[in-house]
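Descriptive structure summary
Residues per chain, in single letters:
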Amino acid sequence: MPTALVTGATAGLGKAFTRALAEQGWDLVLVARSGTDLERHAARLALGHGTRVDVLPADLTTDEGCAAVTARLAGDPAVDLLVNNAGIGYERPFLDTGIEAEERLLDLNVRAVLRLTNAALEQMTKRRSGAILNVASVAGLGPAWLSSTYPASKAWIIGFTESLATSRQVRSAGIRMTALLPGYTRTEFHQRAGIPTTFPPAWLWLDADDVARTALQDLRRGKVLSIPSSRYKIAAWGLRHLPRALSRKFAWDISGPAH
Ligand SMILES: NC(=O)c1ccc[n+]([C@@H]2O[C@H](COP(=O)([O-])OP(=O)(O)OC[C@H]3O[C@@H](n4cnc5c(N)ncnc54)[C@H](OP(=O)(O)O)[C@@H]3O)[C@@H](O)[C@H]2O)c1
């Protein structure tokens with residue numbers, strides 16, 4: 001059986017990825033901070049799908065956490081698919097968040113993705129096979145949130161993935177890489193970040209299982225960017241092609257009075 005390693009596997013999109021992959025017969029390595037949540041979810045997956053599920057508790061904002069996961073990426077059995085999914089955002093304006101918290105966001109959303117991708121690619125290029133799915137956001141395409149480092153961190157993931165996925169080094173080794181750009185998806189993300197879920201309206205919310213299935217299909221098809229749902233394909237087109245001065249007017253300003 002092929003093996004997939006999924007970060008942020010105990011909630012939201014990560015959990016949805018593990019469900020979809022287990023249904024498709026993948027063995028799994030689940031990564032998150034909470035060992036109890038990991039064990040509970042692993043037992044449920046193993047029972048429901050009969051796949052082999054290992055857990056790896058790690059805080060990916062730390063050097064030790066990243067090192068534990070990069071060691072597993074270099075170990076046996078080989079990891080055929082890496083899903084860099086764990087990520088955080090804040091609802092507080094930039095100047096109120098505090099520099100330590102901002103650095104933690106970059107450590108998880110950017111630095112861990114960099115380190116894990118590097119470790120996975122070293123192995124995958126040797127084996128001349130493998131795939132990497134990096135979870136970004138539609139917010140990474142333009143000024144969707146003001147007074148936040150989150151969109152910038154996701155813009156980095158999009159640029160990084162696109163740059164590697166289409167490079168000769170990666171393509172000639174038969175490795176597929178996709179950046180997933182979800183819109184608002186029902187998970188624990190907003191609750192954890194303290195972001196109200198009363199906006200946007202219900203029709204704009206995506207289902208995590210639908211997003212995960214679409215992303216895995218797009219990865220199989222070799223798409224470099226995966227944007228689930230036509231609603232967010234249109235939003236993505238707007239963010240990419242409308243003048244930025246115009247899209248800034250529609251952005252969510254975390255430091256604004258409405259917030
Ligand atoms: N939900 C949305 O609307 C949306 C939209 C666009 C993009 N995204 C992106 O989708 C990805 C998944 O988000 P989600 O909505 O599924 O979030 P979520 O429901 O809050 O789940 C986050 C997961 O990441 C883990 N995690 C958090 N901090 C971690 C750390 N320091 N080290 C290791 N694991 C950590 C959490 O487990 P522990 O707390 O146990 O560590 C949990 O399993 C993120 O990259 C997010 O930016 C989400």
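Structure first, text after, so check above.
Cut-offs and rules
For every chain, the first residue of the written sequence is number 1, and numbering continues from 1 onward in sequence order. Only residues with pLDDT of at least 70 are given local features in this predicted model, and only at 80 or more are side-chain atom pairs given and counted; all residues enter the totals for whole chains, interfaces and linings. Side-chain calculation: all heavy atoms of the structure are included, whereas hydrogens and water are not. Criterion for a salt bridge: a side-chain nitrogen of Lys or Arg within 4 Å of a carboxyl oxygen of Asp or Glu. Remark: exposure states derive from per-residue accessible area (1.4 Å probe, protein chains only) relative to the maximum for the residue type, with buried under 20%, exposed over 50%, and partly exposed in between. Here an axis means a line fitted to C-alpha atoms, over the contact stretch when the element is a helix, while the angle between two N-to-C directions is reported on a 0 to 180 degree scale. Each helix is a run of DSSP H or I of at least 4 residues and each strand a run of E of at least 2, with the numbering of both proceeding from the N terminus. Throughout, the term roughly parallel applies to angles under 35 degrees, roughly antiparallel to angles over 145, roughly perpendicular to angles from 65 to 115, and oblique to all others. By convention, the crossing between two helices is left-handed when the near helix turns anticlockwise from the far helix through less than a right angle, and right-handed when the turn is clockwise. The contact rule is simple, with two residues in contact once any of their heavy atoms fall within 4.5 Å. Each residue receives one of three labels: charged for Asp, Glu, Lys and Arg, nonpolar for Ala, Val, Leu, Ile, Met, Phe, Trp, Tyr, Cys and Pro, and polar for the others, Gly being one of them. Exposure above 30% relative accessible area and no salt bridge define the residues that can form patches, which grow by joining like charges within 9 Å and nonpolar side chains of Val, Leu, Ile, Met, Phe, Trp and Tyr within 5 Å. Accessibility throughout is a Shrake-Rupley quantity obtained with a 1.4 Å probe, and a residue counts as covered only by protein chains that appear here. Any two rings among Phe, Tyr and Trp, with Trp reduced to its six-membered ring, count as a pair given centres within 6.5 Å; such a pair is stacked if its planes are under 30 degrees apart, edge-to-face if over 60, and tilted if neither. Put simply, a charge is over a ring when the Lys NZ or the Arg CZ is close to the ring centre, within 6 Å, and near the line of the ring normal, within 35 degrees. Any residue with a heavy atom lying within 4 Å of a molecule or strand is counted as near it. Definition of a polar contact: a pair of N or O atoms within 3.5 Å, with one able to donate and the other able to accept a hydrogen when the atoms are protein atoms, and with sequence-neighbouring residues admitted only if both atoms are side-chain atoms. In this analysis, the expected span of each helix is defined as 1.5 Å times one less than the number of residues it contains.

Observations regarding the pattern of salt bridges
This model, assessed by the stated rule, comprises eight salt bridges. The closest approach of N and O atoms between Arg52 and Asp54, which form a salt bridge, is 3.1 Å. Take Asp54: its relative accessible area is 26%, and that puts it in the partly exposed class. As a salt-bridge pair, Arg213 and Asp210 come within 2.9 Å of each other at their nearest N and O atoms.

What to know about the packing of helix H1 (residues 12-23) against helix H9 (residues 208-220)
Two elements in contact, H1 and H9, have axes whose closest approach is 8 Å; the angle formed by their N-to-C orientations is 60°. With respect to their mutual orientation, H1 and H9 come out oblique. Like other packed secondary-structure pairs, H1 and H9 cross with a definite hand, here right-handed. Contacts between H1 and H9 pair Gly12, Leu13, Ala16, Phe17, Arg19, Ala20 and Leu21 from the former with Ala208, Asp209, Val211, Ala212, Arg213, Ala215 and Leu216 from the latter. Of the residues in the contact of H1 with H9, the class split is 10 nonpolar, one polar and three charged.

Remarks on a nonpolar patch on the surface
On the surface, Trp237, Leu242, Leu246 and Phe250 cluster together to form a nonpolar patch covering roughly 460 Å² of accessible area. Note on placement: Leu242 falls in the loop between helix H10 (230-241) and helix H11 (244-249).

Examining the packing of aromatic side chains
Per the stated rule, a full pass over the model turns up five aromatic pairs. Within the aromatic cluster, the residues linked to one another by ring pairs are Trp145, Tyr150, Phe189 and Trp252. Arg92 extends its terminal NZ or CZ atom over the ring of Tyr90, reaching a point 5.6 Å from the ring centre.

Details of the site of the ligand
Surveying the vicinity of the ligand reveals 31 residues, the closest of which are Thr10, Leu13, Asn85, Tyr150 and Thr187. Ala11 places a main-chain nitrogen or oxygen 3.4 Å from an oxygen atom of the ligand. Contact with the protein chains covers 96% of the free accessible surface of the ligand, which is 900 Å². Of all elements in the fold, only H1, helix H6 (150-165) and helix H8 (189-193) reach the threshold of two or more residues within the shell around the ligand.

Let's talk about H6
Between its terminal C-alpha atoms H6 stretches 22 Å, which fits the 22 Å expected from 16 residues at 1.5 Å a residue. For H6, the complete set of buried residues consists of Tyr150, Pro151, Ser153, Lys154, Ile157, Ile158, Phe160, Thr161 and Ala165.

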